Amino acid sequence: MQHDDEDARVLAVIEGAMVTIRRRQTRRALARSSPEADPALFDVVDAVEGGAAGERPVTVTDIASALDVAQPRASKLVANAVEAGLIRREADQRDGRKALLVLTVTGRELCERVHEARRGRFADATRNWSRAERAAFAQLLARFVDGLTETAAERY
């Protein structure tokens, strides 16, 4: 795809920002917003919460897909989160061979604390922005992520 100079400049800025976000996420900067949260365990809890928000049962297979890890690694992460009391396994009433993953009260409380800490960091980062700028950014960022998701789905 051809881009003129202005498009190329804007795309380079987006790329740079995304690389910075990725690097900071690699260091788990946002997960460290809650010091008691082991980032690997919180990734599982976050994925369970995300699937539950979509009102669909979450399985180990879903965790593997969400975290982009192999099934055995996802199984180990889930087992650790269960052991930590953050999630529990429930039998799937439609398919007894499957175990569904559900947040425990402790897991939900952890999610609430981490969400509050993350949102605090986002509020700090946008403290000099107007309400309209924050709303526009939220809308455009969500649209950008949807576009990335669609592009990835088209490639695979």
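Given the structure is predicted, the values throughout are model-derived calculations rather than measurements.

(A) Local environment of a nonpolar patch on the surface. A cluster of nonpolar side chains, V10, L11, I14, M18, I21 and L148, forms an exposed patch at the surface whose accessible area comes to about 460 Å². Tracing the chain through its elements places L148 in helix α6 (residues 131-155).

(B) Layout of the pattern of salt bridges. Inspection of every chain in the model, using the stated rule, returns three salt bridges. Notably, a salt bridge pairs R9 with E6, separated by 2.9 Å at the nearest N-O pair. Of the two residues, R9 and E6 are both situated in helix α1 (residues 5-26); the distance of three residues between them amounts to about one turn of the helix. Relative accessible area serves as the criterion here: at 46%, R9 is assigned to the partly exposed category. The partly exposed category is assigned to E6, whose relative accessible area is 44%. The salt bridge partner of R118 is D46, with a shortest N-O separation of 3.6 Å. Pair noted here: R118 is in helix α5 (residues 105-125) and D46 is in helix α2 (residues 39-53), with a separation of 72 residues, a long-range link. Residue class for D46 comes out partly exposed when judged on its relative accessible area of 26%.

(C) Focus on helix α3 (residues 60-67). Within the span of α3, buried status applies to V60, I63 and A64. Down the axis of α3, the buried side of the element spans an arc of 100°, and every buried residue falls inside it. Projecting away from the buried face of α3 at angles above 90 degrees are the exposed residues S65 and A66. Positive phi appears at D68, one or two residues downstream of α3, with a value of about 55°.

What counts as what
- Residues numbered from 1 in each chain as written.
- Predicted model: local features only at pLDDT ≥ 70, side-chain atom pairs only at ≥ 80, totals over all residues.
- Heavy atoms only, no water.
- Patch = residues over 30% accessible without salt bridge, like charges linked within 9 Å, V, L, I, M, F, W, Y side chains within 5 Å.
- Areas by Shrake-Rupley, 256 points an atom, 1.4 Å probe, with all protein chains shown as cover.
- Salt bridge = Lys/Arg side-chain N within 4 Å of Asp/Glu carboxyl O.
- Helix = DSSP H or I, 4+ residues; strand = E, 2+ residues; numbered from the N terminus.
- Buried < 20%, exposed > 50% of the residue type's maximum accessible area, 1.4 Å probe, protein only.
- Arc of directions from axis to C-beta.

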